[in-house]
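Single-letter residue listing:
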Amino acid sequence: MNAKRMTVVGAALAATAAVAYAQLGGYTPVNLSSSKEGKSLIQVLNDLNRYYLYPVDQDKVLRGAITGALGSLGDEFTYYSEPEDNAIDAANLQGEFFGIGVTLVAANADGTGGKIDNVFKTGAASTAGVQIGDVFLKIGDKDVTGAKLNEIVRLVRGEKGTQVTVTFARDGKPYTVKMERQPVQIVSVESTVLPGGVGYIALNTFYNEKASEQFRTAVADMKKRNVQKLILDLRDNGGGLLNAGVDVADQFLQSGPIVSLRDRAKNTQVFGRATNRPTDYTGKLVVLVNKNSASASEVVSGALQDTGRAKIIGEQTFGKGVAQTPVTLPDGGKAAIVSNEWLTPKGRQIHKKGITPDVEVKDTRYTTPVNFSGSGVKPGEKLTLTVEGKPVTVTADKDGKFSYTGEVKRPTRSAQQGEAVVDVQGDAILKKAIEVLGQ
């Protein structure tokens, strides 16, 4: 994370860290063994190497200890990322990497496997004929049908100009293509102008150091087109850089605090203030949110709602009202440690509460997929049932149980990065936004 952009947070956290060190004295190899728990940890690690029947992966054991230590806090936002996952996060944060030009979603109901969610026009995958819905079977010689999504991403990405061979399945039939890894830039902003001259900008993530710049470009384009009514879509935006959230909100506000941070000693300081710039958008504004809008998305929504700058439309937001300090570790991994909670301009603390929209509307872009399960048939037996007019075949497991989960309907995405695709009639939140802007 860019240190300069986190200077204010870092200053607040330094004071907190100093208090913690004074209370605990810090952990060192010497004083770790001064407590019964510390001695127990060292003994378990040593006895594991002494007695365990099978070979011990030392790195895996120690990383498991780190994961367990942070997990013992019961805080889902304080966690450890292993070096491989941290490397992917770092590339995503920089907004650039070398890959094949696709976005992925899990292929299986348990979150494993990989399936193509979108293919960018300018990438290697598009040239190779890869299509949305294709499922990853192999990368090189490695079977990835049950792999974690991050592992698939790691295998697909690599050095510029190197080649990767991928076997996909399309409609159940495998095919193999060899592709050269090319530069991929993450474009986090999509925009368009709707009928009636209504501007629409969707910001998909704040976890991109280029997000602020991309958003400013989109806003400038709206002003150039003389857009007087604008929709800011933050649905499914899980947050990212707090600085980016402040910068986005600042483009609609001319003065006053945007967000404040409060540490565990209850010391509160303003983190971001609005400044009046000629580039600010001053027209009519609404913001779209849903249950997946979190963190920096809630910073923006909370600031615009508290100041009366925009109406918030959609569903109750997620409720992540805390900031984390990312700590890069000697093994290349990362510890994300919750260090502050943030407050809206009116002092609202929204952690585990969320932002309540001014106009509540259910997000109709997603439908609950058809799913069923059963038992009582022979192990390995296949059953074919008709679901929504189409035959579906399921296979019973060793206990004679079977299950099926249909695909979740996903919003259509453009193959041209930066271009928004919307469904005014089928998207209830968007439809209500246009109605509110017309009032």
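Before reading on, note that the structure itself is shown above.
Values in this document were obtained by computation on a predicted structure and should not be read as measured data.

The rules behind the values
- Residues numbered from 1 in each chain as written.
- Predicted model: local features only at pLDDT ≥ 70, side-chain atom pairs only at ≥ 80, totals over all residues.
- Heavy atoms only, no water.
- Helix = DSSP H or I, 4+ residues; strand = E, 2+ residues; numbered from the N terminus.
- Rg over C-alpha atoms; globule rule 2.2 N^0.38 Å.
- Buried < 20%, exposed > 50% of the residue type's maximum accessible area, 1.4 Å probe, protein only.
- Contact = heavy atoms within 4.5 Å.
- Areas by Shrake-Rupley, 256 points an atom, 1.4 Å probe, with all protein chains shown as cover.
- Pairing = 2+ DSSP bridges.
- Patch = residues over 30% accessible without salt bridge, like charges linked within 9 Å, V, L, I, M, F, W, Y side chains within 5 Å.
- Salt bridge = Lys/Arg side-chain N within 4 Å of Asp/Glu carboxyl O.
- Phe/Tyr/Trp six-rings, centres within 6.5 Å; stacked < 30°, edge-to-face > 60°.
- Lys NZ or Arg CZ within 6 Å of the ring centre and 35° of its normal.

> Tell me about the overall build of the chain, and name the residues and values.
Secondary structure assignment for the chain yields ten helices and 23 strands. The globule rule puts the C-alpha radius of gyration for 439 residues at 22 Å, and the 25 Å found for the chain is close to it. With the C-alpha coordinates aligned to their principal axes, the bounding extent of the chain is approximately 70 × 65 × 50 Å. The buried share among the 439 residues of the chain stands at 41%. Sequence separation of 24 or more characterises 65% of the internal contacts of the chain that already satisfy a separation of 6 or more. Carbon and sulfur atoms make up 52% of the accessible area of the chain, which amounts to about 23,300 Å² in all.

> Provide a residue-level description of the sheet that holds strand 10 (residues 189-194), including the pertinent values.
A sheet is described by the order of its strands in space; here six strands give the open sequence 10-11-12-15-16-19, paired in mixed fashion. In this open sheet, the two edge strands, each paired with only one partner strand, are strand 10 and strand 19 (359-360). Here four bridges tie strand 15 (residues 284-289) to strand 16 (residues 311-314), and the two strands are oriented parallel to one another. The residue bridging V289 from the neighbouring strand is G314, located in strand 16.

> Go over unusual backbone geometry, please, and point to the residues and values.
Here the phi dihedral of D171 falls at roughly 55 degrees; this positive angle occurs in a residue that is not glycine. Of note, D171 is situated in the loop between strand 7 (163-170) and strand 8 (173-180). The phi dihedral of N226 is positive, around 60 degrees, even though this residue is not glycine.

> So what's going on with a nonpolar patch on the surface? Residues and values would help.
On the surface, Y52, L53 and Y54 cluster together to form a nonpolar patch covering roughly 390 Å² of accessible area. Note on placement: L53 falls in the loop between helix 2 (36-51) and helix 3 (58-71).

> Talk me through the packing of aromatic side chains; I want residue IDs and the actual numbers.
According to the stated counting rule, one finds seven aromatic pairs in the structure shown. With a centroid separation of 6.0 Å and 75 degrees between ring planes, the pair formed by F215 and F252 is classed as edge-to-face. With F215 in helix 7 (residues 211-224) and F252 in the loop between helix 8 (242-250) and strand 13 (257-262), this pair connects stretches of sequence that are 37 residues apart. Residue F215 is classed as buried on the basis of its relative accessible area of 0%. In this structure an aromatic cluster arises from ring pairing among F136, F168 and Y175. Here the basic side chain of K320 rests over the ring of F77, its NZ or CZ set 5.1 Å away from the ring centre.

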